[in-house]
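One letter stands for each residue in the lines below.
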Amino acid sequence: MTDANWYPDPTGQAELRYYDGSQWTEHVSTGGQQSTAPLTPPQATVEQEAPTQVGSAQAVQAAYGESAQAQPAQAASAQYAQQAAHAQAQPQPTGDPFAGISGDLIDGRFAEIEDSGAVLQNKKLLRVRVGEPFQARQGSMVAYQGNVQFKYQGGGVGKFLKKAVTGEGLSLMGVEGQGDVFLADAAKEVHILQLNNSGISINGDHVLAFSGSLQWNIERVQGAGMLTGGLFNTTLRGTGWIAVTTEGDPVVLNAGEAPTFADTNAVVGWSLGLQTSLQKSFTAGALIGRGSGEAFQVAFHGAGFVIVQPSEGGVVPPHSHS
């Protein structure tokens with residue numbers, strides 16, 4: 001009996017192949033990177049490396065030497081020869097994973113979009129081909145392929161304290177390795193922005209992911225004093241990409257064209273070149289804004305843009321008196 005484990009690949013296609021205790025599998029590993037490879041290599045490989053008789057220890061030793069890893073695989077290698085011969089006699093799969101199945105889900109319209117870096121799979125799903133490490137909202141991963149690692153990304157004590165004090169929510173996970181990662185957040189729409197030695201202020205609730213090259217921090221919005229409860233955003237600076245979510249199709253306003261105001265619950269973010277202040281509409285508190293029953297707006301001045309979504313988030317009910 002041979003224990004289930006990784007042993008030198010008798011087909012020669014990889015460094016190691018997994019033996020499940022009764023037969024070789026298609027799972028292989030080279031340089032620590034796992035993948036799959038068929039059990040049936042080219043005929044020349046089978047003839048050179050597979051023992052011709054069950055229990056032919058000499059043939060296995062000639063192929064793999066006397067290493068501690070190779071010895072447990074001797075009996076299994078002989079069984080591989082039988083499996084390979086049997087596989088050659090069987091009809092080989094066509095390689096079509098959708099054979100015998102039809103429908104709109106597999107007619108190609110939902111197929112994975114091939115591209116490098118961050119790319120929209122559709123309006124609500126982001127696919128990132130992991131090259132350099134990046135950061136993503138915790139819990140946003142819906143699927144991944146390849147050798148990808150996820151780790152907690154705290155951002156340091158300073159950011160932790162700011163988050164605790166301000167309530168600006170940006171819980172991150174680091175993503176690295178090789179493969180594709182698919183991200184989403186409650187079926188919100190996803191948009192990709194490219195920063196080139198620039199910066200943007202984004203409500204932390206709308207940050208889905210961003211490249212590891214960007215610097216981020218939690219900062220108070222200019223003009224938002226403590227009398228209003230404070231208003232904090234997440235700023236990102238540098239060169240790289242950021243994926244932003246919105247509830248519905250947003251509008252992007254040019255603040256340089258006219259005085260611009262946005263509800264604090266509807267504004268998603270703005271370019272860092274803008275000057276901001278916070279104001280309250282005392283005379284229309286019951287008519288403007290739904291977030292808290294009080295009409296606060298962020299006022300923008302200068303050259304830059306403002307991203308506003310067609311939603312003010314969940315409505316906070318008025319205080320009840322017991």
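Look above for the structure.
Being a predicted model, the structure only gives us computed values, none of them experimental. (Residues numbered from 1 in each chain as written. Predicted model: local features only at pLDDT ≥ 70, side-chain atom pairs only at ≥ 80, totals over all residues. Heavy atoms only, no water.)

Visitor: Just checking my understanding: could you explain the environment of Asn217 for this structure?
Guide: Mapped onto the elements, Asn217 comes out in strand β12 (residues 215–220). Judged by its relative accessible area of 23%, Asn217 is partly exposed. (Helix = DSSP H or I, 4+ residues; strand = E, 2+ residues; numbered from the N terminus. Buried < 20%, exposed > 50% of the residue type's maximum accessible area, 1.4 Å probe, protein only.)

Visitor: What exactly am I supposed to notice about the sheet that holds strand β2 (residues 16–19) here?
Guide: Remark on secondary structure: sheet strands pair via backbone hydrogen bonds, oriented parallel or antiparallel. Pairing in this open sheet of four strands is antiparallel, and the strands run β1-β2-β3-β4 from one edge to the other. The strands lining the two open edges of the sheet, one partner per strand, are β1 (5–8) and β4 (33–36). Between one strand axis and the next, the sheet turns through 35 degrees on average, direction left out of account. Direction of pairing for strand β3 (residues 24–30) relative to β4: antiparallel, over a ladder of four bridges. Paired with Val28 across the strands is Ser35, a residue of β4. (Pairing = 2+ DSSP bridges. Axes fitted to C-alpha atoms, helices over the stretch in contact; angles between N-to-C directions.)

Visitor: Just to check I follow, could you spell out the pairing of strand β5 (residues 118–122) for this structure?
Guide: The two faces of the sheet receive side chains in turn, since in a regular strand these alternate between them. Of the pairings in the sheet, the one linking β5 to strand β6 (residues 125–130) comprises four bridges and is antiparallel in character. Bridge assignment links Asn122 to a residue of β6, and that residue is Leu125. The loop that links β5 with its antiparallel partner β6 comprises two residues.

Visitor: What is the right way to read the side chain of Thr260 from this model?
Guide: Here Thr260 shows up in strand β15 (residues 260–263). Overall, the relative accessible area of 8% leaves Thr260 in the buried class. Within the local environment of Thr260, its side chain forms a polar contact with the backbone oxygen of Ala258, the two atoms lying 2.9 Å apart. Those residues in contact with Thr260 that sit more than four places away from it in its chain are Leu253, Asn254, Ala255, Val298, Ala299, Phe300 and Val306. (Polar contact = N/O pair within 3.5 Å; in protein donor to acceptor, adjacent residues only side chain to side chain. Contact = heavy atoms within 4.5 Å.)

Visitor: Would you mind showing me how to read unusual backbone geometry here?
Guide: If a residue is not glycine, its phi is most likely negative; likewise, a peptide bond is most likely trans. The backbone phi angle of Ala186 is positive, close to 55 degrees, even though this residue is not glycine. Within the secondary structure layout, Ala186 lies in the loop between β9 (172–183) and β10 (189–202). Judged by its relative accessible area of 66%, Ala186 is exposed. Backbone geometry at Asn197 places phi at a positive 50 degrees, although glycine is not the residue there. Assignment of secondary structure puts Asn197 in strand β10.

Visitor: Please explain the pattern of salt bridges as it appears in this structure.
Guide: Side chains bearing opposite charge may pair, as long as their charged atoms lie close to each other. Scanning the entire structure with this criterion turns up 13 salt bridges. Between Asp9 and Arg17 there is a salt bridge, and its shortest N-O distance comes to 2.7 Å. Per residue, the accessibility class of Asp9 equals that of Arg17, and both read buried. For the salt bridge of Arg127 with Asp180, the shortest nitrogen-to-oxygen distance reads 3.9 Å. Residue Arg127 is found in strand β6, and its partner Asp180 is found in strand β9; the two are separated by 53 residues along the sequence. (Salt bridge = Lys/Arg side-chain N within 4 Å of Asp/Glu carboxyl O.)

Visitor: Sorry if this is basic, but what is going on with the sheet that holds strand β18 (residues 296–301) here?
Guide: Strand order in the open sheet formed by three strands is β15-β18-β17, with antiparallel pairing between adjacent strands. The strands lining the two open edges of the sheet, one partner per strand, are β15 and β17 (275–280). Averaged over all pairs of adjacent strands, the angle between strand axes in this sheet comes to 30 degrees, irrespective of strand direction. Pairing of β15 with β18 involves four bridges; the strand directions are antiparallel. Counted as the bridge partner of Ala262 is Val298 from β18.

Visitor: Sorry if this is basic, but what is going on with the packing of aromatic side chains here?
Guide: Here the distance between the centres and the angle between the planes together describe a pair of aromatic rings. The final tally for this structure, using the stated rule, is six aromatic pairs. Taking the centre distance of 6.5 Å and the plane angle of 85 degrees together, the rings of Tyr7 and Trp24 count as edge-to-face. You can see Tyr7 sitting in strand β1 and its partner Trp24 sitting in strand β3, a full 17 residues away along the chain. We note that Tyr7, like Trp24, is buried. Look at Phe134 and Trp241: their rings are 5.7 Å apart centre to centre, the planes differ by 50 degrees, and that puts the pair in the tilted class. On the criterion of sequence distance, the pair formed by Phe134 in strand β7 (residues 134–137) and Trp241 in strand β13 (residues 232–246) is long-range, its members being 107 residues apart. Across this residue pair, the class does not change: Phe134 and Trp241 are buried. Pairwise contacts between aromatic rings join Tyr7, Tyr19 and Trp24 into one cluster. (Phe/Tyr/Trp six-rings, centres within 6.5 Å; stacked < 30°, edge-to-face > 60°.)

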